[in-house]
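# Structural overview
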Amino acid sequence: MTTNEQTRQINDRLNIPRQPVPKQAPADRVTNFDETYLLMDMGAALVEASRCIDCPSAPCMDACPVHNDIPAALKRLEDGDLLGAAAKFRETSTLPEMCGRLCPQESLCEGACVVGFAIRPDGGLHPPVAIGRLESFITDNERRTIGRFPVRLSVPATGRRVAIVGSGPAGLTVAEELQARGHSCTVFDMWPEPGGVLRYGIPNFKMSKQILDEKLQSLRDQGITFVTNTKVGTDVTLDALHDEQGFDVIFIGTGAGVGNPLRAPGEELGNVYPATDFLVRGNLRPDELPEHLREKPYIGTDVVVVGGGDTSMDCVRTAIRLGAQQVTCVYRRTEAEMLGRAEERKHAMEEGVTFAYLTTPVRFIGDPDGNVQSVELVKMELGEPDASGRRRPIQVEGSEYTVPASAVVIAVGYGADAEFAEHMPVETDRWGLVKVNDRTGQTNVPYIFAGGDVVNGADLVVTAIADGKRAATWIHQHLSNMGPAKKG
Ligand SMILES: Cc1cc2nc3c(=O)[nH]c(=O)nc-3n(C[C@H](O)[C@H](O)[C@H](O)COP(=O)(O)OP(=O)(O)OC[C@H]3O[C@@H](n4cnc5c(N)ncnc54)[C@H](O)[C@@H]3O)c2cc1C
Ligand code: SF4
């Protein structure tokens, strides 16, 4: 093909408009907990795939933490080889249907897509290819076609046993990868059901739990064992798993699931909830929860959610679905400094959530029964940048005011479990995050590896998967170096 022909072909592709992905209308979706996005139409998916210009450098692949071969998968889709396209995504990712729904694509693959940097005739930029939505379309289609998740084939058993602590995306990835390499994997979790934040955090309106349940079934079919309602460190120690129960290697994937407190007076009042308690009680069936969390959260009329990240958007949108008349998100900086996805804020605004920027709570005020009834707020202004590079919020003297609140949700970030860290034989930093060799995921104790949020701090599903993949490679190496297992 001549250079002119190539340029014409690229221009033809650039001129194809980005295909819309259907969504439930805001008025409908606030009445249910079903996914906001609806199934993409096959025709639209084929057209969207043809917007990829198959650029040789493929920066989208570098920007994807698991390095999905996006151009190859989209080419297969464009050619009508849908199962081949799904297989391409599964070569590098254990949970592509989830990442397609949950990744902040604008700062990962789609943020690096060359199409998104091409200038339109009117001077604006072309929108990037909808990589995430195509990834979930392709892999959803595969599951519908074959009637289940594809089960990974395992090589003959090696006799080696691996204990995985934590069943979030990091732990599930390690289990899937190592079981396929012939090692017998047992996943421990303290919640009643496996899944980590995929179940006990992320609401159904972002990702249906049915996908998680089907994935877990495929892992059970692969031979992986799940032991739930078991808190490692309390019910069984890491030492006991290794020394008494005979696990050759332990992977710690316990996440960063401890909600940060606001440390404002009145936080202990009734109907003031930490984000995870609110989300799991609001979104899950009672049988998926421990007894003390089975009751739905009290909502009343006015819900105030404190914090400006993605978790706060999950909370405000849950509160709306639980019937609150007025939901206010209180954030101490401006929208420009918010860390969460713009798309999630847009969804929240469409659903009727109000945003109070440059505002922070000073105290929560209770009624005679000890339940919150109002919040005293204060206005803020932005000063010089702080260590995070964002401008520091400073209180405006005398700007206090009070708003009614029937329930309050505190969503101001997450940290690792400091108590668990204290009782572990591995080195941690002052935030309780496990220190590992960056290349291998191995800790200072040779038979213990770690990855996901317990190493990185609160991060993403896809980075936890990437960590799990890397750790599995090195755990396999470690087990192979141990030689054949003794027959027992
Ligand atoms: C509300 C919420 C919404 C989010 N939304 C998104 C999103 O849209 N997109 C995105 O990419 N990321 C999102 N994230 C972040 C993402 O979910 C996490 O980065 C990811 O789940 C981390 O995976 P992990 O495997 O490291 O840990 P987790 O998913 O946290 O799993 C850790 C598991 O370890 C278990 N555990 C902890 N301690 C013990 C113990 N001592 N014994 C036994 N089990 C233990 C926990 O019960 C948990 O099941 C969200 C996070 C939250 C909280
Ligand atoms: S895993 Fe996430 S970053 Fe990678 S291609 Fe899929 S949506 Fe993009």
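No experiment lies behind these values; they were computed from the predicted model shown.

## A short note on the packing of helix H3 (residues 42-49) against helix H5 (residues 70-78)
Two packed helices can be described by the angle between their axes and the distance between those axes. In contact at an axis separation of 8 Å, H3 and H5 are set at 130° when each is read in the N-to-C sense. Here H5 runs oblique to H3, going by the angle between their axes. Remark: the crossing between H3 and H5 carries left-handed chirality. Residue-level inspection shows Ala45, Leu46 and Ala49 of H3 in contact with H5, the latter providing Leu74, Leu77 and Glu78. Grouping the amino acids of the contact of H3 with H5 by side-chain chemistry returns five nonpolar, no polar and one charged.

## A look at the nonpolar core
Counting residues in hydrophobic clusters, the biggest one holds 124 residues, and the most contacted among them are Ile164, Ile250, Phe251, Val305, Val316, Val408 and Val409. Here this core takes nine residues from helix H18 (residues 461-481), the largest share from any one element. Residue contacts for Val409: discarding those within four places in its chain leaves Tyr273, Ala275, Phe278, Val303, Val305, Val306 and Cys315.

## Observations regarding the site of ligand 2
Taken together, 15 residues surround ligand 2, and among them Cys64, Cys99, Cys103, Leu108 and Cys109 come closest. Elements with a minimum of two residues in the shell around ligand 2: helix H7 (96-102) and helix H9 (131-146). Looking at the shell around ligand 2, the element that brings in the most residues is H9, giving three residues. Residues belonging to the shell around ligand 2 are distributed by class as follows: nine nonpolar, five polar and one charged.

## Some words on the site of ligand 1
Taken together, 40 residues sit near ligand 1, with Gly166, Gly168, Gly196, Gly255 and Gly452 positioned nearest. Only helix H10 (169-180), helix H14 (310-321), helix H17 (453-456) and H18 provide two or more residues apiece to the shell around ligand 1. Taken together, the residues of the shell around ligand 1 sort by class into 19 nonpolar, 13 polar and eight charged. Domain assignment of the residues forming the shell around ligand 1 places at least three in each of domain 2 (161-257 + 415-481) and domain 3 (261-412).

## Quick notes on the domain arrangement of the chain
The domain architecture assigned to the chain consists of domain 1 (3-23 + 30-146), domain 2 (161-257 + 415-481) and domain 3 (261-412). For domain 1 versus domain 3, the separation of C-alpha centres amounts to 34 Å. Looking at the side of domain 1 that touches domain 3 residue by residue, the classes come out as three nonpolar, one polar and no charged.

## A few points about H9
Because an α-helix packs 3.6 residues into every turn, residues spaced three or four apart end up facing the same way. Between its first and last C-alpha, H9 extends 23 Å over 16 residues, near the 22 Å set by a 1.5 Å rise per residue. Of all the positions in H9, only Ile131, Gly132, Arg133, Leu134, Glu135, Ser136, Phe137, Ile138, Thr139, Asn141 and Glu142 are classed as buried. Considering only its buried residues, H9 is in contact with H3, helix H4 (59-63), H5, helix H6 (82-92), H7 and helix H8 (109-112). Gly147 sits one or two positions beyond H9 and adopts a positive phi of about 85°.

## As for the sheet that holds strand S3 (residues 225-227)
The sheet built from five strands is open, its strands ordered S3-S2-S1-S4-S16 with parallel pairing. Both edges of this open sheet fall to S3 and strand S16 (448-450), since each of them pairs with a single strand only. Strand-to-strand twist in this sheet, taken as the mean axis angle between neighbours without regard to direction, amounts to 20°. Where strand S4 (residues 249-252) meets S16, three bridges bridge the pair, whose relative direction is parallel. Residue pairing across strands places Ile252 opposite Ala450, the latter belonging to S16. Together, strand S1 (161-165), strand S2 (184-188) and S4 form the strand contacts of H10, whose direction differs from that of S2 by roughly 165°. The strands that H18 touches are S1, S4 and S16; relative to S4, the one it contacts most, it runs at about 165°.

## Brief notes about the environment of Tyr298
Positionally, Tyr298 belongs in the loop between helix H13 (275-283) and strand S7 (302-306). Residues Tyr298 and Gly352, spaced 54 residues apart in sequence, show a C-alpha to C-alpha distance of 19 Å. Once residues lying within four places of it in the same chain are set aside, the contact partners of Tyr298 are Asn271 and Ala407.

## Structural notes on the pairing of strand S11 (residues 372-385)
As judged from the seven bridges shared by strand S10 (residues 359-366) and S11, these two strands associate in the antiparallel manner. Paired with Phe364 across the bridge in S11 is Val375. Pairing geometry for S11 and strand S13 (residues 401-404), over four bridges, is antiparallel. Across the sheet, Leu377 pairs through a bridge with Tyr401, a residue of S13. With antiparallel pairing between neighbouring strands as the criterion, S11 and strand S12 (residues 391-395) make up a hairpin whose turn holds five residues, including Gly389 at a positive phi of roughly 85°.

The rules we used
Residues numbered from 1 in each chain as written. Chains lettered and ligands numbered in written order. Predicted model: local features only at pLDDT ≥ 70, side-chain atom pairs only at ≥ 80, totals over all residues. Axes fitted to C-alpha atoms, helices over the stretch in contact; angles between N-to-C directions. Helix = DSSP H or I, 4+ residues; strand = E, 2+ residues; numbered from the N terminus. Parallel < 35°, antiparallel > 145°, perpendicular 65-115°, else oblique. Left-handed = near helix turned anticlockwise from the far one by under 90°. Contact = placed C-beta atoms within 7 Å. Nonpolar A, V, L, I, M, F, W, Y, C, P; charged D, E, K, R; others polar. Core = buried A, V, L, I, M, F, W, Y, C linked by C-beta atoms within 7 Å. Buried ≥ 20, exposed ≤ 12 C-beta atoms within 10 Å, placed from the backbone. Near = placed C-beta within 6 Å. Domains from an automatic or database assignment. Expected span 1.5 Å × (residues − 1). Pairing = 2+ DSSP bridges.

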